[in-house]
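Observations on chain architecture
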Amino acid sequence: MLRAGGRRLLAPGLRRLGLGTGAAGQAGPAAAAARVRAYHERVVDHYNNPRNVGSFDKEDPNVGTGLVGAPACGDVMKMQIRVDEESGKIVDACFKTFGCGSAIASSSVATEWVKGKPMDEVLTIKNTEIAKHLSLPPVKLHCSMLAEDAIKAAVKDYEAKKAKLGQKGEDSPSEKAAEA
């Protein structure tokens, strides 16, 4: 950086960020960091350490696969669930997501939330709950919507497989949720 008359001359971009030298009236790096919009720590955690990344065999009759995307932003999310036939509970879940940090975090949270729950209960998970948990800004709400849609698509795929195999019981969980 250049000095002129005892003061540092900053590039206009650095001055806008508040990366001054701490002289009277100038903000230091700590103040600049406070002004920069950052992701919530939960988003950063799930982005840096995503849970349940991977995939199951889509031909497995106990696996439901949901593939959803948002053409406007280019995010694509694949979520898979493995269901225990006896109990009807989701015993495992995994995802693969191509997209921003919020999309990856939303997928990771969704797989954590569906594990161990009955299929009719996971259909009640709403994107607003995921967004609130991750403190997503309004511009990133589409990421939590994708996660909700992926859950529903995975359950629908699982139920379609069971219907095709003739193992469908009375009303499926998605039909029960639709009636409610």
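Before reading on, note that the structure itself is shown above.
Keep in mind that this is a model prediction, so the values were computed, not measured.

A closer look at the pattern of salt bridges
- Enumeration according to the criterion identifies six salt bridges in this entry.
- E148 serves as the salt-bridge partner of K152, at 2.8 Å between the closest nitrogen and oxygen. Linking K152 with E148, this pair stays in helix α7 (residues 141-164), spanning four residues, or about one helical turn.
- Connected via shared salt-bridge partners are K126, E148 and K152.

What to know about a nonpolar patch on the surface
- There is a patch of nonpolar side chains on the surface, built from L67, V76 and F98 and spanning about 340 Å² of accessible area.
- Mapped onto the elements, V76 comes out in strand β4 (residues 75-83).
- Its relative accessible area of 36% is what places V76 among the partly exposed residues.

A closer look at the packing of helix α4 (residues 101-114) against helix α6 (residues 127-134)
- Between α4 and α6, the least distance of the axes is 10 Å, while the angle of their chain directions is 115°. Classified by the interaxial angle, the pair formed by α4 and α6 is roughly perpendicular. Note that α4 runs across α6; the crossing there is right-handed. Contacts from A105, S106, V109, A110 and W113 in α4 reach E129, I130, H133 and L134 in α6.

A few points about the pairing of strand β5 (residues 90-98)
- Pairing of β4 with β5, which is carried by eight bridges, proceeds in the antiparallel orientation. Residue pairing for β5: V83 is matched across the bridge by I90.
- Hairpin connection, β4 to β5: the antiparallel pair is bridged by six residues, and G88 has positive phi, about 75°.

A look at the packing of helix α3 (residues 41-48) against α4
- Packing of α3 against α4 leaves a shortest axis separation of 8 Å and a crossing angle of 85°. As judged from the angle between their axes, α3 and α4 are roughly perpendicular. Where α3 approaches α4, its residues V43, H46 and Y47 are matched on the opposing element by G101, S102, I104, A105, S108, V109 and E112.
- Each residue belonging to the contact of α3 with α4 can be placed in one class, and the counts come to five nonpolar, four polar and one charged.

Considerations on the sheet that holds β5
- On the basis of which strands lie adjacent, the open sheet formed by three strands has the order β3-β4-β5 and antiparallel pairing. Each having just a single partner strand, β3 (63-70) and β5 make up the two edges of the open sheet. Across the sheet, the mean angle from the axis of one strand to that of its neighbour is 15°, orientation sign disregarded.
- Relative to the sheet, α4 contacts β4 and β5, its axis offset from that of β5 by approximately 175°.
- Each of β3 and β4 touches α7; the most contacted strand, β3, lies at about 145° to it.

Focus: the nonpolar core
- One finds I81, I90, V114, M119, V122, L134 and I151 to be the most contacted residues of the largest nonpolar core, which totals 28 residues.
- Residue assignment for this core shows that the elements contributing at least two residues are β3, β4, β5, α4, α5 (119-122), α6 and α7.
- Considering each element in turn, this core owes the most residues, seven residues, to α7.
- When near neighbours in sequence (up to four residues on either side) are disregarded, I81 contacts F56, N62, V63, G64, I90, D92, A93, V114, M119, A154 and V155.

A word on the environment of H40
- Mapped onto the elements, H40 comes out in the loop between α2 (29-35) and α3.
- Exposure remark for H40: the relative accessible area of 28% places this residue in the partly exposed category.
- The sequence separation of H40 and H133 amounts to 93 residues, and the corresponding C-alpha distance is 9.6 Å.
- Contacts of H40, omitting those with residues within four sequence positions, involve L134 and S135.

What counts as what
- Residues numbered from 1 in each chain as written.
- Predicted model: local features only at pLDDT ≥ 70, side-chain atom pairs only at ≥ 80, totals over all residues.
- Heavy atoms only, no water.
- Salt bridge = Lys/Arg side-chain N within 4 Å of Asp/Glu carboxyl O.
- Helix = DSSP H or I, 4+ residues; strand = E, 2+ residues; numbered from the N terminus.
- Patch = residues over 30% accessible without salt bridge, like charges linked within 9 Å, V, L, I, M, F, W, Y side chains within 5 Å.
- Areas by Shrake-Rupley, 256 points an atom, 1.4 Å probe, with all protein chains shown as cover.
- Buried < 20%, exposed > 50% of the residue type's maximum accessible area, 1.4 Å probe, protein only.
- Axes fitted to C-alpha atoms, helices over the stretch in contact; angles between N-to-C directions.
- Parallel < 35°, antiparallel > 145°, perpendicular 65-115°, else oblique.
- Left-handed = near helix turned anticlockwise from the far one by under 90°.
- Contact = heavy atoms within 4.5 Å.
- Pairing = 2+ DSSP bridges.
- Nonpolar A, V, L, I, M, F, W, Y, C, P; charged D, E, K, R; others polar.
- Core = buried A, V, L, I, M, F, W, Y, C linked by side-chain atoms within 4.5 Å.

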